[in-house]
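Residues per chain are reported as follows:
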Amino acid sequence: MAAKGLLSSEAVTAYRTLLRATRKSFAGDTVMLQGSAAEVRKKFEENRHVTSETEIKKLLDEAREASDFISNMIVQAKLNSRGGYEVKPSKDHAGLTLEVPSEEILKKSA
């Protein structure tokens, strides 16, 4: 029984960590903030009734990986005063290879 309580606590921690990662990565982008928060909640709700300890641990690992990916691999381009987009990676992104989308791709997604 103690294991279930621990896993439940880990699930809450993973959920909060994912939300924190999305708030940091998508700061200032209301659409992405709302969409990512809704997606995180949906995924956790879909798995609320999973009881297998092995499956729960697998899901928690996936949540940790997602949080790490969001924190370290996503950098939002921001429109600058010249009408172009700038990417300013933070210290969290140091040493990582960033794939910067072209202006054409960014214009299509806007």
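Before reading on, note that the structure itself is shown above.
Residues numbered from 1 in each chain as written. Predicted model: local features only at pLDDT ≥ 70, side-chain atom pairs only at ≥ 80, totals over all residues. Heavy atoms only, no water.

> What am I meant to see in the overall build of the protein here?
Within the protein, the secondary structure is distributed over four helices and two strands. Moving toward the C terminus, one meets the helices and strands of the protein in the order α-α-α-β-β-α. Buried residues in the protein amount to 18% of all 110 residues. Long-range contacts, defined here as pairs at least 24 residues apart, represent 50% of the contacts in the protein between residues at least 6 apart. For the protein, the exposed surface amounts to about 8200 Å²; the carbon and sulfur share of it is 56%. (Helix = DSSP H or I, 4+ residues; strand = E, 2+ residues; numbered from the N terminus. Buried < 20%, exposed > 50% of the residue type's maximum accessible area, 1.4 Å probe, protein only. Contact = heavy atoms within 4.5 Å. Areas by Shrake-Rupley, 256 points an atom, 1.4 Å probe, with all protein chains shown as cover.)

> Even after reading the chapter, I still don't get the nonpolar core, so can you show me in this structure?
The tendency in soluble globular proteins is for nonpolar side chains to be buried as a group. Judged by nonpolar contacts, Leu 7, Ala 14, Leu 18, Leu 19, Ala 21, Val 40, Ile 56, Leu 60, Ala 63 and Ile 70 together constitute the single largest core of ten residues. For this core, the elements supplying multiple residues, two or more each, are helix H1 (2–25) and helix H3 (53–73). Element by element, the count of residues in this core is highest for H1, at five residues. Apart from the residues lying within four places of it in its own chain, the contact partners of Ala 21 are Ser 67, Ile 70 and Ser 71. (Core = buried A, V, L, I, M, F, W, Y, C linked by side-chain atoms within 4.5 Å.)

> Help me out: how do you make sense of H3 in this one?
Its 21 residues give H3 an end-to-end C-alpha distance of 29 Å, which sits within 8% of 30 Å, the value for a rise of 1.5 Å per residue. Within H3, burial applies to Ile 56, Leu 60, Ala 63, Ser 67, Ile 70 and Asn 72. (Expected span 1.5 Å × (residues − 1).)

> What exactly am I supposed to notice about the side chain of Asn 80 here?
Within the secondary structure, Asn 80 sits in the loop between strand E1 (78–79) and strand E2 (85–86). The class of Asn 80 is buried, set by a relative accessible area of 15%. Among the polar contacts listed, one links the side chain of Asn 80 to the backbone nitrogen of Arg 82, at a separation of 2.9 Å. In this view, Asn 80 contacts Tyr 85 and Glu 86; residues no more than four positions away in its chain are not counted. (Polar contact = N/O pair within 3.5 Å; in protein donor to acceptor, adjacent residues only side chain to side chain.)

> Mind showing me how you'd approach the side chain of Ser 36 here?
Here Ser 36 shows up in helix H2 (residues 30–46). Look at Ser 36 and you get buried, because its relative accessible area is 12%. Discounting chain neighbours no more than four positions away, the residues touching Ser 36 are Thr 22 and Phe 26.

> What exactly am I supposed to notice about the pattern of salt bridges here?
Once their charged atoms are close, side chains differing in charge can pair, the charge on each being opposite to the other. Inspection of the entire model under this criterion finds nine salt bridges. A salt bridge links Glu 55 to Lys 58; the shortest N-O distance between them is 3.9 Å. With Glu 55 and Lys 58 both in helix H3 and three residues apart, this pair spans about one turn of that helix. The closest approach of N and O atoms between Asp 61 and Arg 64, which form a salt bridge, is 2.8 Å. With Asp 61 and Arg 64 both in helix H3, this residue pair falls three residues apart, about one helical turn. When salt bridges that share partners are traced, they join Glu 10, Asp 61 and Arg 64 into one network. (Salt bridge = Lys/Arg side-chain N within 4 Å of Asp/Glu carboxyl O.)

In short, the description is geometric, and any link to function would need to be established separately.
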